[in-house]
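As a plain string of letters, each chain reads:
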Amino acid sequence: MHPVRVSIPSFRSENNSIEKGYTVFRIDVLMNGRQHAVEKRYSEFHALHKMLKKSIKPPEIPSKHVRNWVPKVLEQRRQGLELYLQTIIMENEVLPKIFLDFLNIRHFPSVPKTESCGSFDTESEESSKLSHQPVLLFLRDPYLLPSAHDTFSNVVIEGVVHGVFYPDLQPR
């Protein structure tokens, strides 16, 4: 199952003087425990569908033409668009970049699941390498090198360091 879940809980009609009225669908996206909402018009769904046809076989999209804008018809379109998005997620192991962009999901280079953190099945040294940069770097170890104003040295740490690194050296 994909870590992405979508639903279209609502829609609203927009009317303005520049263009005729249209409907905006609210898409709730849940990924890795984080939720955000995206608002899209049907024309944006239709454009997505046309682009997806170039890379995958998307499911049928609800009809572009609606005879009347009564709430019952719009509710059927909402349900159809929700099913459309959910079917794309269910039928594709790797979601197309254009689909992730449509949902405003940041995407990362796809790495097969068995190699994401190294695999025990392969003896390839390449698969066990981490792909991230160090997050934190100390210029000096604060536990081994006490600050200059520390009047009491840490006898235990000095003893361990001398014992591990200088076993032949006699204590002072």
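Computed from a predicted model, the values in this text were never measured in an experiment.

**Some thoughts on the sheet that holds strand β3 (residues 34-41)**
Then, number 1: Strand order in this open sheet of three strands is β1-β2-β3, and the pairing throughout is antiparallel. Strand pairing shows two members of the sheet lacking a second neighbour, β1 (4-14) and β3, which therefore form its edges. Across the sheet, the axes of successive neighbouring strands diverge by a mean angle of 20°, strand direction being ignored.
Then, number 2: One ladder, built from nine bridges, connects β1 with strand β2 (residues 22-31); its direction is antiparallel. Along β2, the bridge assignment pairs Glu14 with Tyr22.
Then, number 3: Sheet contacts for helix α1 (residues 42-52): β1, β2 and β3; angle to β3, the most-contacted strand, approximately 100°.

**A look at the nonpolar core**
Then, number 1: With 24 residues, the main nonpolar core has Val6, Ile27, Val29, Phe45, Leu85, Phe99 and Leu103 as its most contacted residues.
Then, number 2: Those elements that provide at least two residues to this core are β1, β2, α1, α2 (71-91) and α3 (97-102).
Then, number 3: When residues in this core are grouped by element, the largest group, five residues, is from α2.
Then, number 4: Each residue touching Leu103, except ones within four places of it in the same chain, is listed here: Val6, Ile27, Val29, His36 and Val38.

**Notes on the pattern of salt bridges**
Then, number 1: One pass over the full model with this rule turns up seven salt bridges.
Then, number 2: Asp28 is the partner of Arg26 in a salt bridge, and the nearest nitrogen-oxygen pair spans 2.8 Å.
Then, number 3: Residue Asp28 is classed as buried on the basis of its relative accessible area, which comes to 12%.
Then, number 4: A salt bridge links Arg78 to Glu82; the shortest N-O distance between them is 3.6 Å. Remark: Glu82 and Arg78 occur in helix α2; sequence separation between them is four residues, near one turn of the helix. Judged on exposure class, the residue Arg78 and its partner Glu82 are both buried.
Then, number 5: The network of salt bridges with shared partners includes Arg12, Glu14 and Glu39.

Definitions and limits used
Residues numbered from 1 in each chain as written. Predicted model: local features only at pLDDT ≥ 70, side-chain atom pairs only at ≥ 80, totals over all residues. Heavy atoms only, no water. Pairing = 2+ DSSP bridges. Helix = DSSP H or I, 4+ residues; strand = E, 2+ residues; numbered from the N terminus. Axes fitted to C-alpha atoms, helices over the stretch in contact; angles between N-to-C directions. Contact = heavy atoms within 4.5 Å. Core = buried A, V, L, I, M, F, W, Y, C linked by side-chain atoms within 4.5 Å. Buried < 20%, exposed > 50% of the residue type's maximum accessible area, 1.4 Å probe, protein only. Salt bridge = Lys/Arg side-chain N within 4 Å of Asp/Glu carboxyl O.

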